[in-house]
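# Fold and geometry: a report
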Amino acid sequence: MTKQVDALILGAGPAGSALAQTLARAGHSVMLADKKHFPRQKPCGEFLSPECRPYLDELGVGMALGKMGVRQISGMNLFAGASVASGRFLRLDSAPHNDAGYAIRREILDMALLEAAADRPEVTWLERHEFQRLVRNSSGEVVGAVLRDPDSRLREIRARITIGADGVHSRVARDLGVQRPSRWLDRFALVARFHGVAPRAAAEVHFVPRAYFAATTVDDGSFHLNLLVDRPALRHKHGDVDAFVREHLQSAPELERRLQGAERIGTWRGIGPLAFSTSQQAWKTVALVGDACGYVDPLTGEGIYFALHGARSLAQAIVESLERPADAAAAMRRYAIRRRREVGPRMILAAAIQRGLRHEAIVRLAVRCLASWPRLCDLLVNVTGDAVHPKDLLLPSFWRDFRRAQRLA
Ligand SMILES: Cc1cc2nc3c(=O)[nH]c(=O)nc-3n(C[C@H](O)[C@H](O)[C@H](O)COP(=O)(O)OP(=O)(O)OC[C@H]3O[C@@H](n4cnc5c(N)ncnc54)[C@H](O)[C@@H]3O)c2cc1C
């Protein structure tokens, strides 16, 4: 049986749920489908850059997360060898919320966003419905998708617009033929939570040869640890993940010390490869959003911001195209352009940092310089914290604002 909705959103992570809610608020009928049962876990550093906060407030979940005990993160500490560099999030005039990021378990964040969307009468929520393939009309235009329901039955959903919000290994992007794995970055992540690690106000990155740990304490007090490694290193792990992680911890003595006596909660979870790009993100009746558009690496902790920002921008394009069908293709093109402008320079910066990371000497030198020049470290942390767009660095007004915020911090 087929059913027609305004928008069919495939994937209920931050991008899909935020988009569903925004379209519903504009009065459009939405079907939101995810292959998983919620709340579900998602391998993630669980750190939200400060710039996510206005988006969460706009989606009506900011206050609820506050009540659930979301942890405020004051900045980022970078460790390499004996050097430690600390960067603080600064309250800028242009971004007054920027003095703290958030740390929260993904199952809590994603569930809050999903509930806020699914509570809307315009939204139909399809749990454990897995996207199989796009449906096209005789002119090749996408007109919906086929989903597999929990009883393994195939269900065709017709929609005026179909959206792939299905994450980094997007099957929708593959079906559209636009997904490209990175030719130079082949990263995998191992993720686990621990009890018994003293919390710190800042998130942490510990660089070790050809890998790094990212860590933060989240809302329930557990310590969330990610190890990011190149795939060839993983091939030699011989099945014992704890031993593999311990080996890397030997090059991160500060972190090794903090983990002494800590107890791992649950198993290590792995995900990868992580680096993908897409050659196109929007067409007249179909679009990609969030990680489905492409992702580099979690080092700069921007993925959730990209997802929320992308959802807001795509919602604007979809509303325009549903209300003025003659202008649909142009509206969707404008979304792709806006995304390129906002996310493109940040992705380039993230990729440049990743290239530098391959050389241990460069990493150690960079962290030493940042340690002895804290203002530069503040700047880096605020750019990767998303409040400062790389293009803002060319504006004298930004530098005035930045210097004032540093004086006040
Ligand atoms: C190890 C690691 C650490 C990270 N750390 C951070 C961090 O600290 N801060 C940060 O901001 N970002 C981080 N990120 C990135 C962040 O997790 C993503 O950018 C963010 O989750 C993207 O949101 P999304 O909604 O696009 O995709 P996702 O959150 O991945 O959601 C996609 C959804 O689609 C569903 N789905 C997938 N395939 C199908 C299908 N065929 N049919 C139906 N549903 C499907 C999935 O079940 C999932 O629920 C990290 C990523 C990794 C891998």
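Just above, that's the structure.
Residues numbered from 1 in each chain as written. Predicted model: local features only at pLDDT ≥ 70, side-chain atom pairs only at ≥ 80, totals over all residues. Heavy atoms only, no water.

## Here's the deal with the overall build of the protein chain
- The secondary structure content of the protein chain amounts to 13 helices and 20 strands.
- On C-alpha atoms alone, the protein chain measures out to a radius of gyration of 21 Å, which is about the 22 Å that the 2.2 N^0.38 rule sets for 409 residues.
- Along the three orthogonal principal directions, the C-alpha set of the protein chain runs to about 65 × 55 × 40 Å.
- Buried residues in the protein chain amount to 55% of all 409 residues.
- Here the contacts in the protein chain between residues at least 6 apart in sequence split such that 73% fall between residues at least 24 apart.
- Each charge sign in the protein chain was given a centre, from 58 positive and 44 negative side chains, and these centres are 4 Å apart. (Helix = DSSP H or I, 4+ residues; strand = E, 2+ residues; numbered from the N terminus. Rg over C-alpha atoms; globule rule 2.2 N^0.38 Å. Buried < 20%, exposed > 50% of the residue type's maximum accessible area, 1.4 Å probe, protein only. Contact = heavy atoms within 4.5 Å. Lys, Arg positive; Asp, Glu negative; His and termini not counted. Charge placed at Lys NZ, Arg CZ, Asp CG, Glu CD.)

## Thoughts on the packing of helix α1 (residues 14–25) against helix α9 (residues 303–323)
- Contact geometry for α1 and α9: axes closest at 8 Å, N-to-C directions at 35°. As α1 runs across α9, the sense of the crossing is right-handed. Mapping the contact onto sequence places Pro14, Ala15, Ala18, Leu19, Thr22 and Leu23 in α1 and Ile304, Ala307, Leu308, Ala311, Leu314, Ala315, Ile318 and Val319 in α9. (Axes fitted to C-alpha atoms, helices over the stretch in contact; angles between N-to-C directions. Left-handed = near helix turned anticlockwise from the far one by under 90°.)

## Let's talk about the site of the ligand
- Taken together, 37 residues lie around the ligand, and Asp34, Gly45, Phe47, Phe131 and Asp291 are the ones closest in.
- Measuring from an oxygen atom of the ligand, one finds a backbone N or O atom of Glu46 at 3.4 Å.
- Within the side chain of Arg106, a nitrogen or oxygen atom sits 2.9 Å from an oxygen atom of the ligand.
- Mapped onto the shell around the ligand, the elements with two or more residues apiece are α1, β9 (130–136), β13 (187–195) and α9. (Near = heavy atom within 4 Å. Polar contact = N/O pair within 3.5 Å; in protein donor to acceptor, adjacent residues only side chain to side chain.)

## What about empty space enclosed by the protein?
- Following the criterion strictly, the structure yields four cavities of 30 Å³ or more and no others.
- Roughly 100 Å³ of internal volume is contained in the largest cavity.
- For the largest cavity, the lining is made up of 13 residues, of which Phe207, Val208, Pro209, Ala211 and Val363 are closest to its centre.
- Of all the elements in the fold, those that place two or more residues in the lining of the largest cavity are β14 (203–208), β15 (211–217) and α11 (360–372).
- In terms of residue count, α11 provides more of the lining of the largest cavity than any other element does, three residues in total.
- Taken together, the residues that form the lining of the largest cavity break down as eight nonpolar, one polar and four charged.
- Approximately 70 Å³ is the volume attributed to the second largest cavity.
- Val289, Gly290, Cys293, Gly294, Phe306, Ala307, Gly310, Tyr335, Arg339, Val343 and Met347 together form the lining of the second largest cavity.
- Ranked by residue count, the leading element in the lining of the second largest cavity is helix α10 (residues 328–357), at four residues.
- Broken down by class, the residue content of the lining of the second largest cavity amounts to seven nonpolar, three polar and one charged. (1 Å grid on protein atoms, 1.4 Å probe; cavity = no way out; pocket = protein on both sides within 12 Å on 5 of 7 lines; lining within 4 Å. Points joined across faces, edges and corners; volume = space filled by probe spheres on them. Nonpolar A, V, L, I, M, F, W, Y, C, P; charged D, E, K, R; others polar.)

## Considering the environment of Leu154
- Position of Leu154 relative to the elements: it lies in strand β11 (residues 154–164).
- Measuring from C-alpha to C-alpha, the distance between Leu154 and His129 comes to 9.3 Å, with 25 residues separating the pair along the chain.
- Beyond its immediate stretch of four places on either side in the chain, Leu154 contacts Gln132, Val146, Leu147 and Arg148.

## Points about the sheet that holds strand β3 (residues 47–48)
- The sheet built from three strands is open, its strands ordered β3-β7-β4 with antiparallel pairing. Both outer strands of the open sheet, β3 and β4 (71–73), are each paired with one neighbouring strand and no more.
- In this structure, β4 lies alongside strand β7 (residues 101–103), joined through three bridges in antiparallel fashion. Residue Arg71 lies in a different strand from β7, and its bridge partner there is Ala103. (Pairing = 2+ DSSP bridges.)

## What about a positive patch on the surface?
- On the surface, a cluster of positive charge is made up of Arg375, Arg400, Arg403 and Arg407.
- Here the positive patch takes three residues from helix α13 (residues 396–408), the largest share from any one element.
- Tracing the chain through its elements places Arg400 in helix α13.
- Since its relative accessible area comes to 54%, Arg400 is described here as exposed. (Patch = residues over 30% accessible without salt bridge, like charges linked within 9 Å, V, L, I, M, F, W, Y side chains within 5 Å. Areas by Shrake-Rupley, 256 points an atom, 1.4 Å probe, with all protein chains shown as cover. Salt bridge = Lys/Arg side-chain N within 4 Å of Asp/Glu carboxyl O.)

## A look at helix α12 (residues 374–384)
- Taken together, the buried positions of α12 are Cys377, Asp378, Leu379, Val381, Asn382, Val383 and Thr384.
- Asp386, located one to two residues past α12, shows a positive phi value of around 80°.

## Points about the packing of aromatic side chains
- Applying the stated rule across the entire model yields nine aromatic pairs.
- Grouping aromatic residues by their ring pairs yields a cluster made of Tyr55, Tyr305 and Phe306.
- The side chain of Arg355 reaches across the aromatic face of Trp184, ending 4.0 Å from its centre. (Phe/Tyr/Trp six-rings, centres within 6.5 Å; stacked < 30°, edge-to-face > 60°. Lys NZ or Arg CZ within 6 Å of the ring centre and 35° of its normal.)

## Here's the deal with the sheet that holds strand β12 (residues 179–181)
- Pairing is antiparallel in the open sheet, where three strands are placed in the order β12-β18-β20. In the strand order of this sheet, the two ends are held by β12 and β20 (294–295), each with one partner.

## Some remarks on the packing of α12 against α13
- In the contact formed by α12 and α13, the axes pass within 12 Å of each other and the chain directions differ by 115°. Viewed along their axes, α12 and α13 adopt a mutual orientation that is roughly perpendicular. Once α12 is placed against α13, the crossing between them reads as right-handed. Here α12 contributes Arg375, Asp378, Leu379 and Asn382 to the contact with α13, which in turn contributes Phe398, Trp399, Phe402 and Gln406.
- Grouping the constituent residues of the contact of α12 with α13 by class yields four nonpolar, two polar and two charged. (Parallel < 35°, antiparallel > 145°, perpendicular 65-115°, else oblique.)

## Section: the pairing of strand β5 (residues 75–80)
- Among the six residues in β5, six count as buried, and that is most of the element.
- In β5, alternate side chains face the same way, and those of Gly75, Asn77 and Phe79 on one face and Met76, Leu78 and Ala80 on the other are all buried.
- When β5 meets strand β6 (residues 83–88), the two strands line up antiparallel, connected through six bridges. Within β6, the residue paired with Gly75 across the bridge is Arg88.
- Where β5 hands over to β6, the hairpin turn is made up of two residues, of which Gly81 adopts a positive phi near 55°.
- Inspection of the sheet shows β5 paired to β14 by five bridges, in the parallel sense. Bridged to Ala80 within β14 is Phe207.

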